[in-house]
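Architecture and fold: a report
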Amino acid sequence: PDGTVSLLGEYTVPLGAAGELVLRADYAYQSEIFFDAANSSFGGANQGSYGLVNGRITFVAADDSWDVSVYGKNLADEEYSVWMAGFALGDVYAAAPGRTWGAEVNFKF
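Quick summary incoming for the structure in this document. What you see is a predicted model, and the numbers here were worked out from it, not measured in a lab. Throughout this description, residue numbers start from 1 for each chain and increase along the sequence as written. Only residues with pLDDT of at least 70 get local features here, since the model is predicted, and only at 80 or more are side-chain atom pairs given and counted; chain-wide, interface and lining totals rely on the full set of residues. Each side-chain value is derived from all of the structure's non-hydrogen atoms; neither hydrogens nor water enter the calculation.

Thoughts on the overall build of the protein
Going along the chain from the N terminus, every DSSP run of H or I of four or more residues is numbered as a helix, and every run of E of two or more is numbered as a strand. A tally of helices and strands in the protein yields zero helices and nine strands. Listing each helix as α and each strand as β along the protein from the N terminus yields β-β-β-β-β-β-β-β-β. Between the two quantities, the radius of gyration covers C-alpha atoms and the globule rule is 2.2 Å times the number of residues to the power 0.38. Whereas a compact globule of 109 residues would reach a radius of gyration of roughly 13 Å, the protein reaches 19 Å, over 25% beyond that. With the C-alpha coordinates aligned to their principal axes, the bounding extent of the protein is approximately 65 × 25 × 25 Å. Any residue under 20% of the maximum accessible area for its type is buried, any over 50% is exposed, and the rest in between are partly exposed; the area is computed with a 1.4 Å probe on protein chains only. Sorting the 109 residues of the protein into buried and exposed places 23% on the buried side. Sequence-distant contacts in the protein: of pairs separated by 6 or more residues, those separated by 24 or more amount to 50%. Here the protein has roughly 7,300 Å² of accessible surface; of this, 59% comes from carbon and sulfur atoms. Any pair of residues with heavy atoms lying within 4.5 Å of one another is described as a contacting pair. Per-residue and other accessible areas were derived by the Shrake-Rupley procedure at a 1.4 Å probe size, with only the shown protein chains allowed to occlude residues.

Structural data, given as structure tokens:
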């Protein structure tokens, strides 16, 4: 790509003796890219620019021995390809994951 931009924001909310809540959001932008050596869009072998928004909320225990998070990736459900090739009979591409959600628990020993 000719250009990429990433922004990240994080805010911690103290919860007293219980621990803390960490709120995090990030945005990543990528300009148009080409999937062939000539950097052309022949046969559709290019991906237009796109931006991704992700978010995470984490509760951290007061003794920092464990935490639990919920998160979302590609929250705007942006459609884009991670790989693409153009052929005479049609294009072949690998689509990136759409909007995804998840949870995570971590323990520290």
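Details of unusual backbone geometry
With phi around 50°, N74 is a residue other than glycine that occupies positive phi space. Inspection of the secondary structure assignment puts N74 in the loop between β6 (66-73) and β7 (81-87). At D77, a residue that is not glycine, the phi angle is positive and equals roughly 55°. Its place among the elements puts D77 in the loop between β6 and β7. The partly exposed category is assigned to D77, whose relative accessible area is 35%.

A short note on the side chain of D67
As for its placement among the helices and strands, D67 is situated in strand β6. In this charge count, Lys and Arg are treated as positive and Asp and Glu as negative; neither His nor the chain ends contribute. A carboxyl oxygen of Asp or Glu within 4 Å of a side-chain nitrogen of Lys or Arg is what we treat as a salt bridge. Look at D67: it is buried, it has no salt bridge, and the nearest opposite charge is K108 at 4.9 Å. D67 has contacts with T58, F59, V60, E104, V105 and N106, leaving out every residue within four places of it along the chain.

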